[in-house]
Amino acid sequence: MPVEKNTTDLLKLILNLLIIGLLIIITYRVVEAFLFGFFWAVMVVIATWPLMIKIQQKLFNKRWLSLLVMALILALVCIIPFILIISSVAQNSHHLIEWAKTLSHQKLPTLDWLESVPAFGPELHQKWLTLIQTDGSDLVSNIQPYIGIMISWLLEQATNIGIFIFHAGVMIIFSLLLYLKGESITKYVYLLANRLSKQYGATTVTLAGQSIRAVALGVVVTAITLALIGGLSFVFTGMPLSGVLTLILFICCVAQIGPVVVMLGCICWQFWMGNTVSGIILIVVAIILTTLDSVMRAYLIKKGADLPFLLILFGVIGGLLGFGIMGLFIGPVVLALTYKIIQTWVDEQS
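Nothing here was measured: the structure is a model prediction, and the numbers come from that model. (Residues numbered from 1 in each chain as written. Predicted model: local features only at pLDDT ≥ 70, side-chain atom pairs only at ≥ 80, totals over all residues. Heavy atoms only, no water.)

Undergrad: How would you sum up the pattern of salt bridges? Please name residues and give values.
TA: This structure, assessed with the given rule, holds two salt bridges. Measuring nitrogen to oxygen at the nearest pair gives 2.8 Å for the salt bridge that ties Arg63 to Glu183. Of this pair, Arg63 sits in helix α2 (residues 63-91) while Glu183 is found in helix α7 (residues 182-196), placing the two residues 120 residues apart along the sequence. (Salt bridge = Lys/Arg side-chain N within 4 Å of Asp/Glu carboxyl O. Helix = DSSP H or I, 4+ residues; strand = E, 2+ residues; numbered from the N terminus.)

Here is the structure:
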């Protein structure tokens, strides 16, 4: 009889585990499409909660009024970039059409300035002269196999834009819900954390909030700074569509793509048009922006969370490589929590 009872209990345990596992899998599949938007909303709400409270105080302590203002702000932040790009392209479309019509009549520049570059400059200049003497036919034949890949990439990016708009809408909805019930949700999270660990629960939640806010503010402030410097350089060097380029630069910095792609395109355009001085200026600005992008972000994050510089830097880079854009927040937060828990445990033993 004891053997039969133990066998029954074991089967019951296995069935319970299977049912729980099945429920977890089904639940995950149901909410999978909304997870990115939800985590994005959590980051936004944690970073902007003090702003929402200040707005609420200004609006007679009416939460619903502050929710309307925050919804408008979030919608503008997500929608304005696309509106500016579309309107700017529409306003300047005739310039692009005229340029495309005259493209076949334009001659490739000789890039004589390459002769002054030490070491590899003269050899590179000679290869360039050989290339343009053949009307670029060799270059066209070399890049032709990659045209299909480029078109596929463009289609993929168009799809990603649609997915981004969907996640942005989900983010706004979840953000409003979190703003509305922020205090009760925070209380529930602290109760859950204490339930899991009475010793480290509350500290872990507080540290996670500080880390998320520091990362979010560090990324945004860094992106704004880089976009301002880059935008001024575009205006100074006479780049066309400087406003659109500045906006794209800001988006790339927020998305952690970095300023290199935008700056490299502008540099190539300046040299293509024969503006050597402007191209050199943009090269210097690109080096400055690339340096600031790495150093300034990590410094601001460290200042907000008071964590080791290398810990934050490895968290940002490793999280981005491992989890994509959301890894930008997941990496530093996880490393920060692990670091603080180990540090607390070591201090208790001493």
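That covers the picture; the talk isn't over yet.
Undergrad: Can you explain the environment of Val45? Please cite residues and give values.
TA: As for its placement among the helices and strands, Val45 is situated in helix α1 (residues 2-58). Classification of Val45 by relative accessible area gives buried; the value is 8%. Linking Val45 and Leu178, residues 133 residues apart in sequence, is a C-alpha distance of 7.0 Å. For Val45, the residues in contact, after removing those within four places along its chain, are Ser175, Leu178 and Tyr179. (Buried < 20%, exposed > 50% of the residue type's maximum accessible area, 1.4 Å probe, protein only. Contact = heavy atoms within 4.5 Å.)

Undergrad: How would you sum up the UniProt feature "transmembrane region" (unreviewed entry) in the protein chain? Please name residues and give values.
TA: Here the UniProt feature "transmembrane region" (unreviewed entry) sits at residues 10-28, 34-52, 64-86, 161-180, 214-236, 248-272, 279-301 and 307-335. Along residues 161-180, the helical share is 100% and the strand share 0%, with 29 Å between the first and last C-alpha atoms. Counted over residues 214-236, helix gives 100% and strand 0%. Its end C-alpha atoms are 33 Å apart. (UniProt positions renumbered as here; feature names shortened; annotations may be inferred.)

Undergrad: Quick rundown of empty space enclosed by the protein? Include the residues and the values.
TA: Using the criterion set out here, one finds one cavity of 30 Å³ or more in the structure. Here the largest cavity is characterised by a volume of approximately 50 Å³. At the level of secondary structure, the elements contributing two or more residues to the lining of the largest cavity comprise α8 (201-236) and α13 (327-349). Considering each element in turn, the lining of the largest cavity owes the most residues, four residues, to α13. Of the residues that constitute the lining of the largest cavity, the class distribution is four nonpolar, three polar and one charged. (1 Å grid on protein atoms, 1.4 Å probe; cavity = no way out; pocket = protein on both sides within 12 Å on 5 of 7 lines; lining within 4 Å. Points joined across faces, edges and corners; volume = space filled by probe spheres on them. Nonpolar A, V, L, I, M, F, W, Y, C, P; charged D, E, K, R; others polar.)

Undergrad: Now, about the confidence of the model for the protein chain: what can you tell me, with residues and values included?
TA: On average, residues of the protein chain carry a pLDDT of 78, and 76% of them reach 70 or more. Confidence, read as mean pLDDT per element, is least for helix α3 (residues 93-102) in the protein chain (59) and greatest for α7 (90). (pLDDT = per-residue confidence, 0-100.)

Undergrad: Summarise a nonpolar patch on the surface; cite the residues concerned and give the values.
TA: A surface patch of nonpolar side chains, about 700 Å² in accessible area, is lined by Leu10, Leu11, Leu13, Ile14, Leu15, Leu17 and Leu18. You can see Leu11 is positioned in helix α1. (Patch = residues over 30% accessible without salt bridge, like charges linked within 9 Å, V, L, I, M, F, W, Y side chains within 5 Å. Areas by Shrake-Rupley, 256 points an atom, 1.4 Å probe, with all protein chains shown as cover.)

Undergrad: A description of the nonpolar core should follow, citing residues and the corresponding values.
TA: Phe234, Met263, Cys266 and Leu282 are the most contacted members of the largest nonpolar core, which totals 17 residues. Breaking this core down by element, the ones donating at least two residues are α8, α9 (242-254), α10 (260-272) and α11 (276-305). Residue contributions to this core peak at five residues, all from α10. Those residues in contact with Met263, other than ones at most four positions away along the chain, are Ser233, Phe234, Leu282, Val285, Ala286 and Leu289. Membership of the second largest hydrophobic core comes to 16 residues, among which are Val44, Trp49, Cys78 and Met171. (Core = buried A, V, L, I, M, F, W, Y, C linked by side-chain atoms within 4.5 Å.)

Undergrad: Tell me about the layout of surface pockets, and name the residues and values.
TA: What the second largest pocket holds in volume is close to 1100 Å³. In terms of lining, the second largest pocket is formed by 33 residues, of which the most central are Val42, Ile46, Val189, Val205 and Ile212. Contributions of two or more residues to the lining of the second largest pocket are made by α1, α7, α8 and α13. Looking at which element gives the most residues to the lining of the second largest pocket, the answer is α7, with ten residues. Residue composition of the lining of the second largest pocket, by class: 23 nonpolar, eight polar and two charged. If you count residues domain by domain, the lining of the second largest pocket takes at least three from each of domain 1 (200-304) and domain 2 (306-340). (Domains from an automatic or database assignment.)

Undergrad: Can you explain α10? Please cite residues and give values.
TA: Over its 13 residues, α10 runs 18 Å from end to end, which matches the ideal 18 Å to within 8%, given 1.5 Å per residue. Within α10 the residues assigned to the buried category are Val262, Met263, Cys266, Ile267, Gln270 and Phe271. Buried residues of α10 fall within an arc of 160° about the axis and therefore sit on the same side. Positioned one or two residues after α10, Gly274 has a phi angle of 85°, which is positive. (Expected span 1.5 Å × (residues − 1). Arc of directions from axis to C-beta.)

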